Structure formats: C-alpha cells, structure tokens
Amino acid sequence: MARKQDEIRRQNREKILLAAERIFAEKGYAGASMGDIAKLAELPKSNVHYYFSTKEELYRAVLLELLDVWKQDALCFELYDDPRIVLATYIRAKMQHSRSRAHGSKVWAAEVMHGSPILKEALRENLYEWTKLKEAKIREWIENDLILPVEPSYLLYMIWASTQHYADFAHQVETLNGGPLSDAQWQAATETVCDIILRGIGLESDG
C-alpha cells in the first residue's frame, strides 16, 4: 500500500512539473498561476499546493529538475574518453530534449536572460563546478592532441546555442519550415549540428 502511494505521489509530482514547464513557458513567471498549472495537470489546485506551497517553490523545482535532466545528458563526459563519441552523444541528447522538453528550455532561457532572479546563487552553485569539469575534459583532449585547440567554454556555448535554438526559437523554425520538423528533418538537423561541430575541432563525423 505504501509503495502504491509513493508511486502516486511520484506521478503527481511529475505531472505538476511538466504542466508547470508549459505554463511558465507560455505565460511567463508573472503571468502563470497555480490554478492554470493545476488545470493542465488535471489535478485539484489543493493537490498542487500539497506538493509545492508557493509558485516560486514550484518554479524553482522546475528549473532544478531541468538542470538535472541536462546533467544526465552530459554523463557521456564521464563515461567515455573519445571526444568524438562524447560530443556526438552529448549533442544528440541535447537535440532530443530540445524536441521533447522545448517548454522547459524556454523557461530556463527566460530565467537566465532576466539575470536568474529566482535561482540566483543556486545557479552558480549547481552549474559553475559542473561546467568547469566539462571544460577540464576538453582541455585534456587538447593537451593530448585529440582535438584542435579551442577555448573549452566557447565550445560548450556553441553546443548549447546550436541545440537549444530548436527549442527556444521553435516558432521561428516551424514558420520557416512550414510546420513542425518531421522525424527525418530532426534527424538531419541533429546530424548537421554534430557534423559541423566535430569537423570544426578536427574530428570526422561519426554519422
């Protein structure tokens, strides 16, 4: 019985976070309401307040959950040593989440563009050391002549900008494409980003 209740709580929390991603993305933090989120999650408003007592608490939880997802995308930096495998795996994971979690990417972009008013120091604490570890791995590749010399932070910024563009500017992409990208088009876009970035640092595409 306790296990079933735990599973229900987990599912409810997940539904609330996903609904909040969409509402925050579409209406912004100021325009979003707990009632809107409850309606989209198909849960009573009281249930939402049971899991998250305030809108700020829920918004912070959305951002930190997104950060955890993106950290999972980068586990390849720890699992593999070959820069071609690491970067191609990372780019593909980022592209996939730009498609499946586009609302979340927009929420994250809005928070950062406004100077991280909610996350504040939590952003630095969670992101700074994580990023420095990735930069150290890239420097190691450079020192071992595995890739062409490049400033590691700029390489990461380029990957983030190239992949998250498909989420943050989804409307523009769809307008220019005449509609949402098909599966084949997403595959082609992903492989194009991989190919350009890998070749730019002296690696052959793995596609």
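Structure shown above.
What counts as what
Residues numbered from 1 in each chain as written. Predicted model: local features only at pLDDT ≥ 70, side-chain atom pairs only at ≥ 80, totals over all residues. Heavy atoms only, no water. Salt bridge = Lys/Arg side-chain N within 4 Å of Asp/Glu carboxyl O. Helix = DSSP H or I, 4+ residues; strand = E, 2+ residues; numbered from the N terminus. Buried < 20%, exposed > 50% of the residue type's maximum accessible area, 1.4 Å probe, protein only. Polar contact = N/O pair within 3.5 Å; in protein donor to acceptor, adjacent residues only side chain to side chain. Contact = heavy atoms within 4.5 Å. 1 Å grid on protein atoms, 1.4 Å probe; cavity = no way out; pocket = protein on both sides within 12 Å on 5 of 7 lines; lining within 4 Å. Points joined across faces, edges and corners; volume = space filled by probe spheres on them. Nonpolar A, V, L, I, M, F, W, Y, C, P; charged D, E, K, R; others polar. Axes fitted to C-alpha atoms, helices over the stretch in contact; angles between N-to-C directions. Parallel < 35°, antiparallel > 145°, perpendicular 65-115°, else oblique.

Trainee: Just checking my understanding: could you explain the pattern of salt bridges for this structure?
Mentor: Opposite charge on two side chains makes pairing possible when the charged atoms of those side chains draw close. Taken as a whole and assessed by the stated rule, the structure comprises 14 salt bridges. Ionic pairing is found between Arg101 and Glu21, a salt bridge with its closest N-O pair at 2.4 Å. Residue Arg101 is located in the loop between helix 6 (83–100) and helix 7 (102–113), and its partner Glu21 is located in helix 1 (residues 2–31); the two are separated by 80 residues in the primary sequence. For Arg101, a relative accessible area of 15% gives the class buried. Of the charged contacts in the structure, one is a salt bridge between Asp81 and Lys137, with a shortest N-O distance of 3.0 Å. Residue Asp81 is located in the loop between helix 5 (76–79) and helix 6, and its partner Lys137 is located in helix 8 (residues 121–143); the two are separated by 56 residues in the primary sequence. Overall, the relative accessible area of 56% leaves Asp81 in the exposed class. A relative accessible area of 13% means that Lys137 is categorised as buried.

Trainee: Is there a simple way to think about the side chain of Glu21 in this case?
Mentor: You can call Glu21 buried: its relative accessible area is 4%. Side chain to side chain, Glu21 and Arg101 meet in a polar contact 2.4 Å long. In terms of polar contacts, Glu21 uses its side chain to reach the backbone amide nitrogen of Gly104, at 3.3 Å. Not counting the four nearest positions on each side in its chain, Glu21 is found in contact with Val62, Glu65, Leu66, Arg101, His103, Gly104 and Val107.

Trainee: Any chance you could explain the layout of surface pockets here in plain terms?
Mentor: Vacant regions in the atomic arrangement are exposed by a probe of water-molecule size rolled over the atoms. One number sums up the size of the largest pocket: a volume of about 540 Å³. Residue lining of the largest pocket: 24 residues in total, with Trp108, Val112, Leu127, Trp160 and Gln164 positioned closest to the centre. Listed by contribution, the elements that provide at least two residues to the lining of the largest pocket are helix 4 (55–73), helix 6, helix 7, helix 8 and helix 9 (152–168). Here the residues of the lining of the largest pocket are counted per class, giving 15 nonpolar, two polar and seven charged. Roughly 210 Å³ of volume is contained in the second largest pocket. Taken together, Ser98, Arg99, Ala102, Lys106, Tyr166, Ala170, His171, Val173, Glu174, Pro180, Leu181 and Trp186 form the lining of the second largest pocket. Listed by contribution, the elements that provide at least two residues to the lining of the second largest pocket are helix 6, helix 7 and helix 10 (170–177). With four residues, helix 10 is the single largest residue contributor to the lining of the second largest pocket. Split by residue class, the lining of the second largest pocket holds seven nonpolar, two polar and three charged.

Trainee: Which parts of the structure should I look at to understand empty space enclosed by the protein?
Mentor: Applying the stated rule across the entire model yields one cavity of 30 Å³ or more. When its volume is computed, the largest cavity comes out at roughly 50 Å³. Lining the largest cavity are Trp70, Asp73, Lys94, His97, Ser98, Arg101, Ser105 and Gln164. Of all the secondary-structure elements, those providing two or more residues to the lining of the largest cavity are helix 4 and helix 6. A per-element tally of the lining of the largest cavity places helix 6 first, with three residues. The class makeup of the residues in the lining of the largest cavity is one nonpolar, four polar and three charged.

Trainee: How should the packing of helix 1 against helix 4 be read in this particular structure?
Mentor: Axes are the key here: two packed helices are described by the angle between their axes and the distance separating the axes. Put simply, helix 1 and helix 4 touch, their axes get as near as 9 Å, and they point 105 degrees apart. As judged from the angle between their axes, helix 1 and helix 4 are roughly perpendicular. Judged by residue contacts, Arg13, Ile16, Leu17, Ala20, Glu21, Phe24, Tyr29 and Ala30 of helix 1 engage Lys55, Glu56, Leu58, Tyr59, Ala61, Val62, Glu65 and Leu66 from helix 4. A breakdown of the residues in the contact of helix 1 with helix 4 according to their chemical character gives 11 nonpolar, no polar and five charged.

Any functional reading would require information beyond the geometric quantities listed.
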